[in-house]
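Working through the structure, step by step
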Amino acid sequence: MVVTQFEPSQHRLAQDIYRLEAGEALLKDSPSNLIEVVGILKSYGVVLDTYAKNLIYISQEQCLIFFNFFKYFNGEVTLNKLLRHWWHDRINYEYAEYTMRAMMWHGGGGLDAYLDTPEFREAADQLIRAKFKFNPLMRAFHAVFDDFLPEHMRQMAYYKGLGEFWTIMSKIFLELSDRYLNGEIKSIPDVVDHIQQGLVADANTPITYSVELNGEVYNLIPESAGLKFLPDTAVPYVESIFFRGAPFPGLVSFNAQAYQIPAQQEEFSYGALHADVVATGTAGVPPTLLMQDMRHYLPDYLRQFYQQSGRGEGDLLVKICNSFQKSMFCVTTAAVKGMAPHPFDTANIEEKRENRRYLEQWMDKMVNTRLQMANSD
Amino acid sequence: MLSALIWIPVIGGIIIGFLPNQLAEKSRSLALVIGSIILAFTLAIGLQFDPNQSGLFLSESFSWLDQLGLTYYLGVDGLALPLIFINSFLTLIAIYTSSTKLARPRFYYALLLFLSAGTAGAFLAQNVLLFFLFYEVELIPLYFLIAIWGGTNRGYAATKFLLYTAISGALVLASFLGIVWLTGASSFDYDVLRSQVLPLSSQIILLLILLAGFAIKIPFFPFHTWLPDAHVEASTPISVLLAGVLLKLGTYGLLRFGIGLFPDAWNLLAPYLAIWAAVSALFGALAAIAQKDMKRVVAYSSIAHMAYILLAAAAATPLSLTAAVAQMISHGLISALLFLLVGVVGKKTGTRDVDTLRGLLNPERGLPIIGSLLILGVMASAGIPGMAGFISEFIVFRGSFSVFPIATLLCLVGTGLTAVYFLLMINRVFFGRLPLAFSNLPAVPWSDHVPAIVLAILIVTLGLQPNWLVRWSETQTASLSNFDTETLAEVRPASRSLLQPGQSIKESQWWRSL
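As a starting point, this report considers the structure included with it. Here the structure is a predicted model, which is why all the values come from computation and not from measurement.

Some words on the packing of helix 11 (residues 236-246) of chain B against helix 12 (residues 248-261) of chain B
All names here are of chain B. Between helix 11 and helix 12, the least distance of the axes is 6 Å, while the angle of their chain directions is 10°. What the angle tells us is that helix 11 and helix 12 run roughly parallel. Residues Ala243, Gly244, Val245 and Leu246 of helix 11 touch helix 12, and the partners they reach there are Lys248, Leu249 and Gly250.

A look at empty space enclosed by the protein
Residue and element names in this part refer to chain A. Counted according to the given criterion, the structure contains 5 cavities of 30 Å³ or more. By volume, the largest cavity is sized at about 190 Å³. In terms of lining, the largest cavity is formed by 19 residues, of which the most central are Tyr95, Tyr270, Gly271, Ala272 and Pro287. Listed by contribution, the elements that provide at least two residues to the lining of the largest cavity are helix 4 (93-106), helix 12 (287-295) and helix 14 (316-338).

Re the interface of chain A and chain B
In this complex, chain A contributes 15 residues to the contact, which on the side of chain B involves 13 residues. For the pair chain A and chain B, the interface holds 2 salt bridges. In this structure, B:Arg433 engages A:Asp276 in a salt bridge whose closest nitrogen and oxygen atoms are separated by 2.4 Å. Seen at the junction of chain A and chain B, the total is 10 residue pairs in polar contact (both at pLDDT 80 or more). When residues of the side of chain A that touches chain B are assigned to their parent elements, the largest contribution, 4 residues, is made by helix 14 of chain A. Tallied by class, residues from the side of chain A that touches chain B come to 6 nonpolar, 4 polar and 5 charged.

A look at the layout of surface pockets
One way to see where empty space is left: roll a probe the size of a water molecule over the atoms. Residue and element names in this part refer to chain B. The volume enclosed by the second largest pocket comes to roughly 710 Å³. Around the second largest pocket, the lining is made up of 29 residues, and of these Thr97, Ser99, Thr236, Pro237 and Lys347 lie nearest the centre. The set of elements that each furnish at least two residues to the lining of the second largest pocket consists of helix 3 (80-97), helix 10 (226-233), helix 11, helix 15 (318-349) and helix 19 (446-464). At 6 residues, the largest contribution of residues to the lining of the second largest pocket is made by helix 15. Residues of the lining of the second largest pocket, tallied by class, amount to 11 nonpolar, 11 polar and 7 charged.

Quick notes on the rules
- Residues numbered from 1 in each chain as written.
- Chains lettered and ligands numbered in written order.
- Predicted model: local features only at pLDDT ≥ 70, side-chain atom pairs only at ≥ 80, totals over all residues.
- Heavy atoms only, no water.
- Axes fitted to C-alpha atoms, helices over the stretch in contact; angles between N-to-C directions.
- Helix = DSSP H or I, 4+ residues; strand = E, 2+ residues; numbered from the N terminus.
- Parallel < 35°, antiparallel > 145°, perpendicular 65-115°, else oblique.
- Contact = heavy atoms within 4.5 Å.
- 1 Å grid on protein atoms, 1.4 Å probe; cavity = no way out; pocket = protein on both sides within 12 Å on 5 of 7 lines; lining within 4 Å.
- Points joined across faces, edges and corners; volume = space filled by probe spheres on them.
- Salt bridge = Lys/Arg side-chain N within 4 Å of Asp/Glu carboxyl O.
- Polar contact = N/O pair within 3.5 Å; in protein donor to acceptor, adjacent residues only side chain to side chain.
- Nonpolar A, V, L, I, M, F, W, Y, C, P; charged D, E, K, R; others polar.

Note that all results are geometric; they support no functional claim without further evidence.
Here it is in structure tokens:
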């Protein structure tokens with residue numbers, strides 16, 4: 001335990017707070033945790049890049065198309081690809097959409113706010129009118145139900161926002177693995193530092209959304225809207241996906257019958273940090289789709305690590321989910337540290353107190369997560 | 001050739017028992033080889049069988065103790081053949097599923113083979129005294145198999161088993177001795193005894209004694225209490241043999257000796273037997289609902305399902321008797337599958353408590369294949385179409401309904417309850433969230449799945465092709481049901497008072513008004 005220069009925290013997760021204040025991470029440092037986190041983020045980076053490309057493709061090429069049977073084909077529709085799709089030899093893009101919907105449903109941040117502005121509505125209307133210029137049926141439909149198509153465009157904006165967010169994150173994760181193999185990453189705090197630096201470096205990358213139709217570009221979210229990577233997509237993403245999430249489609253009926261779905265949206269706890277890893281592999285639990293995708297891109301050192309424990313590759317999806325959850329605690333640590341009011345090594349006691357209050361607010365959210373279980377492995 | 005089914009396991013058992021210390025670990029492999037040879041012999045015998053022919057198609061006879069009327073007379077017909085196959089097949093399964101890390105493996109495998117030999121001998125014996133000898137001989141290895149390699153309370157269970165089944169043997173012997181003494185027959189040979197004339201009152205007394213003997217073995221309510229204890233304490237392979245084969249000695253005895261030797265008395269007692277069957281079926285099913293140990297659930301289920309055989313035997317129509325044999329085979333396979341899978345669950349989780357286990361169908365960390373096979377076994381047991389259990393139970397009820405409608409309907413309720421207790425068990429054990437305590441269960445190797453998969457394939461195959469299940473015994477059981485009361489027994493005037501003038505016992509069927 002680190003001896004603080006001021007009063008001890010009374011928080012239930014005080015030990016985790018002290019660890020963060022000492023420059024460590026929520027996840028305890030250990031050689032096995034390092035292999036798991038770096039390895040899983042490598043495969044996650046590959047998968048995220050693929051998800052991101054498809055999300056961006058859908059937002060730009062499939063918007064205002066309502067029977068988009070080939071939306072997962074990224075514009076390349078061939079018989080071979082179709083057969084592979086039916087054989088399920090493919091990436092589960094459904095998971096990306098599930099994430100996008102959860103993020104849109106919980107909202108928060110500048111992106112959510114901007115989508116309710118008259119500017120976005122006007123830009124969306126322009127695109128809708130142009131798209132259905134020669135389609136009186138859809139124009140009539142839009143006139144009668146004037147919220148339907150704009151809502152569709154809001155969803156498309158989320159496709160694009162999440163796609164851009166994941167593009168940056170995948171780059172950070174892939175670089176992490178390269179640096180690990182070069183011997184530059186030697187501990188969990190190193191991992192957190194790497195992610196934190198990546199987040200900070202891209203913090204102000206603008207989030208934009210434009211669609212090209214008949215040679216004309218429609219700027220739905222122009223750069224002038226001022227939406228930035230960190231505050232407008234990363235922070236809402238952490239809140240929506242790491243903490244809140246949504247009941248899994250396959251279990252929602254069961255959850256509802258068992259009165260397990262909270263009445264208040266902010267009380268939802270279906271996010272990645274709460275995920276029950278043992279249920280992974282079960283039909284209807286979306287993390288299964290992500291774990292299936294990551295399974296294809298595991299680096300050799302992680303695969304070997306998995307083969308040496310438990311059921312070897314027999315329970316691979318659960319192991320991947322477990323490692324993934326650990327890695328998400330590292331990403332959360334990076335986000336928490338990146339947004340802290342003051343550096344944690346400050347000598348100023350008031351700044352320390354402010355940091356403490358800030359950390360305790362975060363730790364309130366962490367109380368019911370699987371942090372303790374991740375650290376007890 | 002028939003002797004080979006007895007003497008190959010006996011000689012094999014002796015060889016294994018006397019293996020030198022350094023070769024003790026080879027006893028399992030050697031037992032597997034011997035078990036495979038026995039099964040091959042059984043199949044070879046089966047290939048010589050003509051299903052359209054009734055009576056013995058292979059027999060061997062040597063004089064032994066002629067003064068006592070004991071001859072070494074073996075024979076096989078359509079009634080015994082399927083049971084001999086089940087015995088050989090499940091013996092091999094039992095050897096295969098036995099732990100590779102057993103204490104005293106030579107003794108264990110020798111006993112398993114002796115058990116197989118004793119059971120085969122009982123099914124093959126055509127001399128009732130020889131049947132009794134084999135019937136008693138198989139108790140010894142079984143007693144040791146439970147008493148040495150059983151659970152924590154194995155001593156109690158083994159002793160209880162021995163006491164009950166020894167009494168069963170004594171009653172069976174008393175009945176056989178009674179026939180010989182009362183008829184003055186010179187031999188205990190089955191075909192000699194069948195041709196003897198016996199007064200109806202004597203038949204009734206001897207049949208009641210025989211029924212009590214076999215009712216303990218099968219077992220029927222209220223003679224059943226040894227069975228759940230024996231199953232709970234026995235290791236998985238022994239439970240497989242106990243439920244799959246050894247209980248069938250009792251039902252085989254009912255058909256072979258109960259109907260075969262006392263047809264008139266059987267006809268008179270039939271309605272009471274049908275009621276007994278209904279009571280036993282309902283008791284077994286209701287008791288199964290209350291159980292917390294998975295093995296006990298299957299054990300009580302066994303009691304319920306064996307009662308259907310009594311119902312079919314009581315009805316004694318050609319169809320119901322064929323059904324009785326089919327039910328013996330299908331119950332043998334299904335109960336073997338269920339005990340095998342429950343054993344794997346117990347071995348992997350360390351418990352069989354339905355209140356403790358949960359979520360074992362979890363695809364990654366649970367026992368998904370074991371769970372799926374268990375669900376299949378449960379469906380077969382509950383009589384879901386497409387599996388052997390449906391066929392046998394359907395023809396039991398179809399063959400018995402015309403004779404004992406109320407008892408049959410009550411047994412049908414028992415079948416409905418099968419779904420209740422097994423679904424309760426499946427729901428508790430396999431569905432829901434896998435608890436943290438079981439989230440790191442060791443994987444089940446494919447070698448553990450193989451016997452269960454083979455059994456499951458047999459159950460489904462016989463369900464889809466029921467002719468393969470019933471054709472073996474159809475002709476033989478038809479001949480059993482065609483007994484002629486007037487030629488087989490001397491019905492004394494006193495007994496005739498039970499009948500209408502000019503009416504035979506078989507024609508009376510007074511219970512139809514029930």
